[in-house]
Amino acid sequence: MLRNQYYGQRMRIESRRYIRPSEVGRPMPFAIAGQPIQLLQRYMYDLLQRANNGDWTFTMIHEMGHNFDPFGWSFQGEFMANLMIAYIMCQRNATVYLGNQRRTGLAQYRDYFRASHAYYFSRETCPDYDPFNDPLLYTFLRIQQRIGWQPFQNAFRHIEGLLVVNSLPGSDLNNLNLFLTLLRDYSGVDVINTILTPIERERYGDNVGGDLEYLR
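The model shown is predicted, which means the values in this text are computed figures rather than measured ones.

Cut-off values and rules
Along each chain, residue indices are assigned from 1 in the same order as the chain's sequence is written. With the structure being a predicted model, the display of local features is reserved for residues of pLDDT at least 70 and the display and counting of side-chain atom pairs for 80 or more, all residues being used for whole-chain, interface and lining totals. To obtain the side-chain values, all non-hydrogen atoms of the structure were used and water was disregarded. Between the rings of Phe, Tyr and Trp (Trp by its six-membered ring), a pair exists once the centres lie within 6.5 Å; its type follows the angle of the planes, with under 30 degrees stacked, over 60 edge-to-face, and the other angles tilted. Where helices and strands are cited, they refer to DSSP runs of H or I of at least four residues and of E of at least two residues respectively, numbered from the N terminus. To sort residues, take the accessible area from a 1.4 Å probe on protein chains only and compare it with the maximum for the residue type: under 20% means buried, over 50% means exposed, and anything in between is partly exposed. Like-charged residues are merged into a patch within 9 Å and nonpolar side chains (Val, Leu, Ile, Met, Phe, Trp, Tyr) within 5 Å, provided each residue has over 30% relative accessible area and no salt bridge. Note on areas: Shrake-Rupley, 1.4 Å probe, and residue coverage restricted to the protein chains presented here. Here a salt bridge means any side-chain nitrogen of Lys or Arg lying within 4 Å of a carboxyl oxygen belonging to Asp or Glu. In this count, Lys and Arg are taken as positive residues and Asp and Glu as negative ones, while His and the chain termini are left out. We put the charge of a Lys on NZ, of an Arg on CZ, of an Asp on CG and of a Glu on CD. At least two bridges found by DSSP between two strands are what make those strands a pair. Given the number of residues in a helix, its expected span is that number minus one, multiplied by 1.5 Å. The arc in question is the one traced by the directions running from the helix axis out to the C-beta atoms. Here, two residues are considered to be in contact whenever any of their heavy atoms come within 4.5 Å of each other. Side-chain atoms within 4.5 Å link the members of a nonpolar core, which is a set of buried Ala, Val, Leu, Ile, Met, Phe, Trp, Tyr and Cys residues.

Caption draft 1: Summary view of the packing of aromatic side chains. All told, the structure shown has 13 aromatic pairs when counted by the stated rule. With centroids separated by 5.5 Å and ring planes inclined at 40°, the aromatic side chains of F156 and F179 adopt a geometry described as tilted. With F156 in helix α7 (residues 150-164) and F179 in helix α8 (residues 172-187), this pair connects stretches of sequence that are 23 residues apart. By relative accessible area, F156 is classed as buried at 2%. Here F179 falls in the buried class, since its relative accessible area comes to 0%.

Caption draft 2: Spatial organisation of a negative patch on the surface. Among the surface-exposed residues, E202, D206, D211 and E213 lie close enough to one another that they form a single negatively charged patch. Assignment of secondary structure puts E202 in helix α10 (residues 198-208).

Caption draft 3: Region of interest: the pairing of strand β5 (residues 101-104). Pairing between strand β4 (residues 95-98) and β5: four bridges, direction antiparallel. Counterpart to V96 in the pairing with β5 is R103. Hairpin connection of β4 to β5: two residues between the antiparallel strands, including G99 at a positive phi of 65°.

Caption draft 4: Representation of helix α5 (residues 105-122). Taking 1.5 Å per residue, 18 residues should reach 26 Å; α5 reaches 27 Å between its end C-alpha atoms and fits that length. Residues G105, L106, Y109, R110, F113, H117, Y120 and F121 constitute the buried set of α5. For α5, the buried positions fall inside an angular range of 130° around the axis, keeping them on one side. Projecting away from the buried face of α5 at angles above 90 degrees are the exposed residues Y119 and S122. Next to the buried residues of α5 lie α3 (58-67), α4 (77-92), β4, β5, α6 (133-147) and α10.

Caption draft 5: Looking closely at α7. Its 15 residues place the ends of α7 22 Å apart at the C-alpha level, agreeing with the 21 Å of an ideal helix rising 1.5 Å per residue. Buried residues of α7: P151, F152, Q153, N154, A155, F156, I159 and L162, and no others. Positive backbone phi, at 55°, marks N166, one or two positions downstream of α7.

Caption draft 6: Layout of the nonpolar core. One finds F79, Y109, F140, I143, F152 and F179 to be the most contacted residues of the largest nonpolar core, which totals 52 residues. Ignoring sequence-local partners within four residues, the contact set of Y109 consists of F58, N82, I85, A86, M89, V96, L98, R103, L137 and L141. Core analysis: the second largest hydrophobic core is formed by six residues, A31, L39, L47 and M60 among them.

Caption draft 7: Examining the pattern of salt bridges more closely. Counted under the stated rule, the structure contains five salt bridges. Across the pair R50 and D46 runs a salt bridge, and its minimum N-O distance is 3.4 Å. With R50 and D46 both in helix α2 (residues 41-52), this residue pair falls four residues apart, about one helical turn. One salt bridge in this structure joins D111 and R114, with 2.2 Å as the shortest N-O distance. Placement of the pair is D111 and R114 together in helix α5, with a separation of three residues, close to one helical turn. For D111, a relative accessible area of 35% corresponds to the partly exposed category. Judged by relative accessible area, which is 36%, R114 ranks as partly exposed. Each of the salt bridges in this network shares a partner with another, and the network as a whole consists of R184, D185 and R216.

This is a description of form; function is not addressed.
Below, the structure written as structure tokens:
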């Protein structure tokens, strides 16, 4: 239901077990998105114990978030998954264990990414391989603080319509700029020039290959 509220559309989820242990001895990351999600067997007990004690478990809902990316459109998959977690944290006052502490609700979730943002921008330059999804999320959570969730929901519904007629801009840069354009259009707030700082626009633009600017 939360996913439908967030994206404004429905997605069929198979009714089978949604999380399964990975194959013993198979080389793989800690977790892999998919239907069902796969987790390394040695972490299963700990994660399920956390879930039974009120922890929504960041890993589980993060990997579920990958399944809910708007199909055919995403400029940064890790960012998109974590943005959906932010909506869950806000709407359900959920608890996750993140950064060596339990965090409940959107404000505490946002604080974790504030620290990542501060570290990322404390350096004069960032190597090309340096992931920018966490600082980018903090930037968008500042946008959300200003404009609320409704413009995000409207933007995703708009994007769904573009997917249907196959008229998306294509590149990561253009998709990010499309998202910013739609947030501006549906909120009436100039999000690029009043919320993003010049250094944010420069660094994020470097990561996606161009200038952050409205498409129209």
